Amino acid sequence: NSFHGIHVPVVVDNMFLQCVAGYYPPVTSGGQGVLDANGHGFVAYAAPAGSQTALIGLTFWTCVATSDYDPVTQQQVGRLVSMARPLTFVP
């Protein structure tokens, strides 16, 4: 699976396509933006208590990818991608 020319270790599903297009789930914040001077970023997942009970027991795989804008081609160019990490919902 590819994101701006780099291999991304997650399945290309509806959530992936929405995030690539800049539409992040409303329960997340910080999914897109500029990294700090140390190359650090932060994504938070916060949902109201009890609102995610249908997800209990499910695992979602996530990763973080970075890209830069290339002024010559006027396109995003993939730079780095993290390892895939699980997010499992527990009661």
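**Some words on the state of the cysteines**
Stage number 1. Following the criterion strictly, the structure yields 0 disulfides and no others.
Stage number 2. With no disulfide of its own, Cys19 lies closest to Cys63 among cysteine sulfurs, the gap being 9.7 Å.
Stage number 3. For Cys19, a relative accessible area of 21% corresponds to the partly exposed category.
Stage number 4. A relative accessible area of 24% means that Cys63 is categorised as partly exposed.

**A word on the packing of aromatic side chains**
Stage number 1. All chains considered together, the criterion is met by 2 aromatic pairs.
Stage number 2. Relative to Phe89, the ring of Tyr45 has its centre 5.5 Å away and its plane inclined at 70°; by these criteria the two rings are edge-to-face. Of this pair, Tyr45 sits in strand E4 (residues 44-45) while Phe89 is found in the segment after strand E8 (85-88), placing the two residues 44 residues apart along the sequence.
Stage number 3. Judged by its relative accessible area of 36%, Tyr45 falls in the partly exposed class.
Stage number 4. Ring plane angle 85° and centroid distance 5.8 Å describe the contact between Phe60 and Phe89, whose orientation is recorded as edge-to-face. Of this pair, Phe60 sits in strand E5 (residues 59-62) while Phe89 sits in the segment after E8, placing them 29 residues apart in sequence.
Stage number 5. Classification of Phe89 by relative accessible area gives buried; the value is 13%.
Stage number 6. Here the aromatic residues Tyr45, Phe60 and Phe89 are joined through ring pairs into a cluster of three or more.

Cut-offs and rules
Residues numbered from 1 in each chain as written. Predicted model: local features only at pLDDT ≥ 70, side-chain atom pairs only at ≥ 80, totals over all residues. Heavy atoms only, no water. Disulfide = S-S within 2.5 Å. Buried < 20%, exposed > 50% of the residue type's maximum accessible area, 1.4 Å probe, protein only. Phe/Tyr/Trp six-rings, centres within 6.5 Å; stacked < 30°, edge-to-face > 60°. Helix = DSSP H or I, 4+ residues; strand = E, 2+ residues; numbered from the N terminus.

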